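Inside the fold
One letter stands for each residue in the lines below.
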Amino acid sequence: MQVIAIAYLVFLAAPVLLLLLGSFGETWSNTLLPAGFTGRWYEEVASDPSFRRAFFTSLQIVGVTCVLNMLIGFPLAYAIQAGARGGVRFAARLVTLMPVAVPELVLAFGFILVFSSDALPWLGSFWLLAAGHLVLTLPYTVTALVADMEQLRLDEYEHAAATLGASFAARLSDVTLPLLRTSLISSMLTVAALSIGEFQLSNLVAGFLSRTYPVVLLQAFYGATGFACAATVVLLILAALASITSSTTAQIGAFEQKKPQ
Amino acid sequence: MTLRYDAVSYTYPGTSIGVFDVSLEIGRGELLAIIGASGSGKSTLLKLLAGFVKPANGRILIDGKDVGELLPEKRKLGVVFQNYALFPHMRLWENVGYALKVRGIGKAERRALAVEMLARVGMGARADDLPGMLSGGQQQRVALARALVFEPRGLLLDEPLSALDAGLRVEMRDEILRVQRSAGIATLLVTHDQEEALSIGDKVAVMHEGRLVQIGTPRDLYETPVNAYVAAFVGQSNLWPGKVTGTGRIDTEIGALACDTKGKSNGEAVIAFVRPERVQPTSPSAVAEPGHFSGTIEADRYLGPIRRIDLAVPGGRIRLETHLRGPVTSVEIPPDAIRLLPVS
């Protein structure tokens, strides 16, 4: 058992380790490991205008996707949790979860069909790309929030606050949002991690000037191996950072919720 | 300050359960306990009064004013929830003071009033703790303080003791009664625990399948239940189907009984109802007379002060409660212990 587990871990980690090694190697062709040591590939990635632009586009897309998820996902989850019963609840869930079931490629082709028409000529624009990322990440936000709302018994706290005389706005700011704080932060970081690494949809929908980092990254593999490795490591670090913060926040949140019991 | 249901009906969407044509009134300072099995509609009555659901028919009146369209936050009713629902992120004084905060009372005054209220339920020293640090009983006290601090027009208690251990439950029951009495507030208590209802309710209402079956003092309910359902639900009971065979005489599955048959006609089907403590063990001599039975003990439960015995007799079983320690083989059911209930 142990041997299999270790072998599997090595298999998982090997590409990442090789990427790291490759990003610091001077030359790497037709050998098992790269030769020499240099930091210049990172310098080159940092000074490459298309990579710089893509890097900042990616950050912008991530930011906008997070904000939109908060603005749309939170009210949607709240409405599903508070109001929807039976059939309506099921339908709302189905619609929000649909993008997970539909292959991204299909979604992207849909976008191309609809938004390359004369009536809606938005293909290649920044906002359409952000909208695409929103569609892809919203299911995660809504599912996580609805589950947390139910687990927290949010409706009970809201009923309690209402009987004490709190208006809807007061309940939202004094009870609902503080109780959901960690849940909201953790789902936003999950959204960030997903959005940073998204390739399929971005590759088809992004315009030349609104290409995200993973889309530009594909170009790197036509050039020097070290450069490609360094560019990939940058993305890896970004994505890992978002995932790790997300799971830590979620754990802290779970711990804080367990404590009062 | 009175709370009143006037012919109130409500059905949950897409189901046939709810409450139907319920009318009852809770006077100032009065504690009305509502009991019933799960799904009997007792919690629905509380939700209707609190404003979480709106009646389909009928009116809900607080101090004589119809509040049917009023949102929960406008009703000024204190509610204690089954799981207390104390806000986990607020300190105890903030929890208790929350109703004052939304009424625009400043922080210093709010804190002073909240701490004073906490002291009234014996939690004054814990004002700066978070709810998570409290035991169930302590959370219960804080929830009670929170529900009363804004001088509500009525107090609603939703199964307030069901999450506590048996010993603590009795203690908190007295505590609730003490606080309720000192506040002099109309109170609705929803519970499935009939002992709790009988011990602290000024009046008790029994709900069954969404309808109000009987309302009365605990004594009325125990001694003169209107039908076999109430008799069986409130306390222990013997219920034997039978038929009136003559003046002062009925025939049941366990044999003939002598009792008052006033208002019943000859041959009418009835249910004979006897509380187990009214069945008296006797010496086995007078067996031939009506109301005298001999049998063998089927179950003998030792409950401390009394024993609850099931005596198997030809045709059925007699449940009795006695403080006698010796063997029991014969019993007598005195005529005045028997009440005749209608067959439903």
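Residues numbered from 1 in each chain as written. Chains lettered and ligands numbered in written order. Predicted model: local features only at pLDDT ≥ 70, side-chain atom pairs only at ≥ 80, totals over all residues.

**Examining the overall build of chain B**
- Broken down by element type, chain B carries eight helices and 21 strands.
- When the backbone C-alpha atoms are referred to their principal axes, chain B occupies close to 80 × 45 × 35 Å.
- The buried share of chain B, reckoned over its 344 residues, is 40%.
- In chain B, once contacts between residues fewer than 6 apart in sequence are set aside, the share between residues at least 24 apart is 63%. (Helix = DSSP H or I, 4+ residues; strand = E, 2+ residues; numbered from the N terminus. Buried ≥ 20, exposed ≤ 12 C-beta atoms within 10 Å, placed from the backbone. Contact = placed C-beta atoms within 7 Å.)

**Remarks on the overall build of chain A**
- Broken down by element type, chain A carries 11 helices and zero strands.
- In chain A, the succession of α and β elements from N to C terminus is α-α-α-α-α-α-α-α-α-α-α.
- Projecting the C-alpha coordinates of chain A onto the three principal axes gives extents of approximately 70 × 55 × 35 Å.
- A burial count over chain A gives 36% of its 261 residues as buried.
- Within chain A, contacts between residues separated by at least 24 positions form 72% of all contacts whose residues are at least 6 apart in sequence.

**Details of the nonpolar core**
- In terms of nonpolar packing, the biggest core is built from 146 residues, with Ile34, Leu49, Leu118, Ala145, Leu188 and Ala272 of chain B touching the most fellow members.
- At 11 residues, helix α6 (residues 126–152) of chain A tops the list of elements feeding residues into this core.
- Both domains that meet at this core, namely domain 1 (3–228) and domain 2 (237–342) of chain B, each give it at least three residues.
- Excluding residues within four positions of it along the chain, Leu118 of chain B makes contact with Leu92, Trp93, Val96, Met123, Gly124, Ala127, Val142 and Ala145 of chain B. (Core = buried A, V, L, I, M, F, W, Y, C linked by C-beta atoms within 7 Å. Domains from an automatic or database assignment.)

**Overview of the interface of chain A and chain B**
- The interface of chain A with chain B comprises 19 residues on the first partner and 23 residues on the second.
- Contributing elements (two or more residues each) for the side of chain A that touches chain B: α7 (154–163) and α8 (168–197) of chain A.
- Residues belonging to the side of chain A that touches chain B are distributed by class as follows: 10 nonpolar, six polar and three charged. (Nonpolar A, V, L, I, M, F, W, Y, C, P; charged D, E, K, R; others polar.)

**Some thoughts on the sheet that holds strand β17 (residues 296–302) of chain B**
Residues and elements named next belong to chain B.
- A sheet is described by the order of its strands in space; here three strands give the open sequence β17-β18-β19, paired in antiparallel fashion. The open sheet has two edge strands, β17 and β19 (316–322), and neither has a second partner. The sheet shows a mean angle of 20° between the axes of neighbouring strands, direction not considered.
- Alignment of strand β18 (residues 307–313) against β19, held across seven bridges, turns out to be antiparallel. (Pairing = 2+ DSSP bridges. Axes fitted to C-alpha atoms, helices over the stretch in contact; angles between N-to-C directions.)

**With respect to helix α1 (residues 2–24) of chain A**
All names here are of chain A.
- For α1, built from 23 residues, the straight-helix expectation of 33 Å at 1.5 Å per residue is met to within 8% by its first-to-last C-alpha distance of 32 Å.
- Remark: the principal bend of α1, roughly 35°, maps to Ala13, with a proline, Pro15, within the next four residues.
- Counting buried residues along α1, only two of its 23 residues qualify, which leaves the element largely exposed. (Expected span 1.5 Å × (residues − 1). Bend = angle between axes of the 7 residues up to and from the residue.)

**Observations concerning the environment of Leu341 of chain B**
All names here are of chain B.
- Structurally, Leu341 can be placed in strand β21 (residues 339–342).
- Here Leu341 falls in the buried class, since 20 other C-beta atoms lie within 10 Å of it.
- For Leu341 and Ala272, which are 69 residues apart along the polypeptide, the C-alpha to C-alpha distance reads 6.3 Å.
- If near-sequence neighbours (up to four positions away) are discounted, Leu341 is found in contact with Asn227, Ala228, Ala231, Val270, Ile271 and Phe273.

**Observations regarding the UniProt feature "transmembrane region" (unreviewed entry) in chain A**
Residue and element names in this part refer to chain A.
- With numbering aligned to this structure, UniProt lists the feature "transmembrane region" (unreviewed entry) at residues 54–78, 90–114, 126–147, 179–201 and 221–242.
- When the span residues 54–78 is considered, its composition is 100% helix and 0% strand, and the gap between its end C-alpha atoms is 35 Å.
- Regarding residues 179–201, the helix share stands at 91% and the strand share at 0%, and the terminal C-alpha atoms are separated by 34 Å. (UniProt positions renumbered as here; feature names shortened; annotations may be inferred.)

**Side note on the domain arrangement of chain B**
- As far as domains go, chain B holds domain 1 (3–228) and domain 2 (237–342).
- Between the C-alpha centres of domain 1 of chain B and domain 2 of chain B there is a distance of 40 Å.

**Notes on the pairing of strand β2 (residues 18–26) of chain B**
All names here are of chain B.
- By the bridge criterion, six bridges tie strand β1 (residues 3–11) to β2 in an arrangement that is antiparallel. By the bridge assignment, Tyr5 is partnered in β2 with Leu24.
- As consecutive antiparallel partners, β1 and β2 are separated by six residues, and within that stretch Gly14 has a phi angle of approximately 75°, a positive value.

**Focus: the sheet that holds strand β9 (residues 203–208) of chain B**
All names here are of chain B.
- On the basis of which strands lie adjacent, the open sheet formed by six strands has the order β6-β7-β8-β3-β9-β10 and mixed pairing. The open sheet has two edge strands, β6 (77–80) and β10 (211–216), and neither has a second partner. Going from strand to strand, the sheet's axes swing by 20° on average, the running direction of each strand aside.
- Two strands pair when backbone bridges link them, and β6 and strand β7 (residues 154–158) are joined in this way by four bridges, in the parallel orientation. By the bridge assignment for β7, Val79 is matched with Leu156.
- Set on the sheet, helix α4 (residues 136–148) makes contact with β6 and β7; between it and β6 the angle comes to about 170°.

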